[in-house]
Amino acid sequence: MTIQHKYCIIFMCLALIQIACAFMAYKSEKPIGKYTARLNLAIMVPIVANILIIESGNPVFSYYSYSLSYIGMMLIMMALAHFTNVYCKGVDEGKAHTKPTFIYILGLIDIVQILLGPVFHHVITIESTMLDNRVFYFDVPHVGLTIHRVINYFVFACVLLIYILSTVKASKLYRAKYSIILITLILSGATQFAFIESRIPIDRSIIVHGVFGLTVYYISIRYRALGLLDTLLSNVVSDMNDAVFVFDNSSRVVWVNEQGYKLVGVEEGKVYLVREQLFDLFKNITNKGDNWSENRVIDDKYYILEKKSVKTDQKNLDGAFLVIRDDTKRHKDIEIELFNSTHDSLTGLLNMQSLYSNIKNVLISSDKEFYILFVNIKNFKLINDTFGKSFGDIVLLHMSKWLKANIKTGVYGRLIGDTFGVFIPKDAFDEQFFMTEFENFVVKFRQTEHKINIHMGVYDVRDRDMDISIMFDRAHLAITDIEENYRTVIRYYNDELRNTILEEQRLAADLTESLDSNQIVPYLQPIADKDGKVVGAEALARWIHPELGFLVPIRFIPVFEKNGMITDLDKHIWESACRILADWKDTDPERFISINISPKDFFFFDVISELSELVEKYDISPDNLRVEVTETAMMTNSEERIDIFNGLRSAGFIVEMDDFGSGYSSLNLLKDVPVDVLKLDMRFLSDEKNDKSSTIIKHIINLSNELDITTLTEGVETEEQFRQLVEMGCELFQGYYFAKPMPVDEFVKMYRGK
């Protein structure tokens, strides 16, 4: 076998090694893998080129093989520069690392000028010689090859400098990986330089390049710094929060970390004293087998002990280590977490879910009869808004302390917000005691005392299988209709109350469909002048329910006032009134209809815009659609309401004040509120023997006339009342004396005399 064949085999092996390294590096999960793979592939190029040079028997083929070798060397430099940039990144954290763009540019210039060699013949020429009785073609360098080598060695020097700096600046633990690459890199460069100077036909430096590629792969992908691992593991163990004790095969303590010394109360460094103290504290820890773990409780402290034995040959014991972890904080945290999961964070009482669970358990285990108590602190939001959240918390804490002090038999807790729940045996429930205590429920705050009003609903537990939440809902239902009562109230749940609530819920659920299908219609109650002539009407809602039959307003208006659905009902009646006025526009253009506005309408939409759109939609005169507002609604947010009433009058509507005199009216209201019609309550004249009523209403009518306000008395039931009011100067009248509310078609027949 000739020397050429021997080197061909060596080079082919090196090429296969580079391919294998590139493949494994690329498949590696390490970020550096793809850069390593590129460097291995680049090293493979000049190796293959030198195989072609050796086996070439043609000067032209040799020329191109040499050119490929030069290009391969440049590719190595470019790949090495990029690899080095990434691999050494982070050595000097104060400097940012960027791609070696300048190196890429130099490399591309060099590759281009080599590729132009066949055109300008400035790189090399080929000459022949005899080697081992075979013709071998070698390169004769020209200026182009000199340029190539200058660029190559410039890049090589830059890379070499980076590795030198990295080796110097790196810590001792990291220095090895840089120094190994640095040494092989120097060897590779030195053998390449030696080959150039010696002019030996076959480039033996290729072997060193191949070894360099294998070294880079190993260091970047496979290498683990055992010294680093040893040092880090030693530091980790020393700095662990757990106590670590190392034993030899005779159970003698040979090493202890700082936490271990602290645990057994021995001065650091006196390892010979540790074993005795350790065994006194934890008793038997050696005769429990090779590998074990257990929990110990010592002086209210929780510890986890874990022992591991070390056997190098799977038979003989070389030693063991014991790790003792102080688990007290975790246990305390778990206890706190368990408490917090079942108790309210502010009051410390059972939370709702835990209260329900406890009640369920008592019902299962006891045959006693029980009450469910739903305790509600009245107007808690107002308390928070007035005195602040801090005082609100004091009130809740005061209630929780009261429950702890007074509920000796039973279960109690905080439900949600300002409500508390109590589960108490019937024989332990003293209604008078609760009433007396709650009537005197006073909370001190900043040197002052504040009385807190409390309502309590009581549910008699009869069905033990009922969901606990439903029991509390029923106790809550018992006090839902006393929301505005500012006295302490205790009320019991009964089925009648439940049926009332269910009916209210049904009416609320049926409202939308009833409006869409016109089940709710306006009834008109006539309004007459002093001659008894019908001049207009008030639109009053009546519900003709398909199942419940004819419903008067008292059945459904309070329900919708409470849940806010009154606004939908009002809009429906308003539009119905506008539709009626549109039908009367040609036959009765002077007749008017009064519509009622609920106080809640002002909160949910723009009343002026809503009414203006309706009169525009039906093309009616706004003064035919009179707007009726209660005295109470006018007195609420008076400044804002005055602006609204002024806006309504400016839009052409006539504003009526309803129920004047039914409450505690102020004469300032007549001065400040812009109204056109004052509706008086006939209750002023209900006591015929009381002359004061007649005197008061007479003066109100006179005052209204002087203020240019029309008076309308409602509730007129007799001719005597009518005549008396006419004599007093009242102008408009409404009541059963003239007619009850009636359907629209009956109203039309009445005033037309049909």
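Residues numbered from 1 in each chain as written. Predicted model: local features only at pLDDT ≥ 70, side-chain atom pairs only at ≥ 80, totals over all residues. Heavy atoms only, no water.

Turning our attention to the packing of aromatic side chains. All told, the structure shown has 35 aromatic pairs when counted by the stated rule. A ring pair is formed by tyrosine 371 and tyrosine 492, whose centres lie 6.1 Å apart and whose planes are at 65 degrees; its orientation type is edge-to-face. With tyrosine 371 in strand 8 (residues 370-377) and tyrosine 492 in strand 14 (residues 489-492), this pair connects stretches of sequence that are 121 residues apart. Counting every residue linked through ring pairs, the aromatic cluster contains Tyr371, Trp402, Phe429, Phe433, Phe434, Phe438, Phe441 and Tyr492. (Phe/Tyr/Trp six-rings, centres within 6.5 Å; stacked < 30°, edge-to-face > 60°. Helix = DSSP H or I, 4+ residues; strand = E, 2+ residues; numbered from the N terminus.)

Another point: the confidence of the model for the protein. Of all residues in the protein, 90% have pLDDT values of 70 or greater, and the mean over the chain is 85. Confidence drops under a pLDDT of 50 for residues 90-95, and excluding neighbours within four residues, the segment shows six contacts in the predicted structure. (pLDDT = per-residue confidence, 0-100. Contact = heavy atoms within 4.5 Å.)

Moving on, we come to the sheet that holds strand 10 (residues 419-425). In a beta sheet, neighbouring strands are held together by backbone hydrogen bonds and run either parallel or antiparallel to one another. As summarised here, the arrangement of the five strands in space is 9-10-8-13-14, forming an open sheet in which the pairing is mixed. Single-partner strands in this sheet number two, and they are strand 9 (411-414) and strand 14. Strand-to-strand twist in this sheet, taken as the mean axis angle between neighbours without regard to direction, amounts to 15 degrees. Examined bridge by bridge, strand 9 and strand 10 share four bridges and lie antiparallel to one another. Paired with tyrosine 412 across the bridge in strand 10 is valine 422. Across the sheet, helix 16 (residues 431-439) lies against strand 8, strand 13 (454-460) and strand 14, angled at about 145 degrees from strand 14, the strand it touches most. (Pairing = 2+ DSSP bridges. Axes fitted to C-alpha atoms, helices over the stretch in contact; angles between N-to-C directions.)

This part covers the sheet that holds strand 6 (residues 301-310). Strand order in this open sheet of five strands is 4-3-7-6-5, and the pairing throughout is antiparallel. Edge positions in the open sheet fall to strand 4 (253-256) and strand 5 (292-298), since each of these has one partner strand only. Mean inter-strand twist for the sheet, computed between neighbouring axes without regard to direction, equals 20 degrees.

With that settled, the discussion passes to the nonpolar core. Residues Phe560, Leu569, Trp584, Ile593, Leu611, Leu625 and Leu725 are the most contacted members of the largest nonpolar core, which totals 70 residues. Once residues lying within four places of it in the same chain are set aside, the contact partners of leucine 569 are Leu515, Ile520, Ala541, Phe556, Ile557 and Phe560. (Core = buried A, V, L, I, M, F, W, Y, C linked by side-chain atoms within 4.5 Å. Buried < 20%, exposed > 50% of the residue type's maximum accessible area, 1.4 Å probe, protein only.)

One non-glycine residue, aspartate 300, lies in positive phi territory at about 65 degrees. Within the secondary structure, aspartate 300 is located in the loop between strand 5 and strand 6. Accessibility expressed as a relative area gives 63% for aspartate 300, which makes it exposed. Look at aspartate 619: it is not a glycine, yet its phi comes out positive at around 55 degrees. One can find aspartate 619 in the loop between helix 22 (607-618) and strand 19 (625-630).

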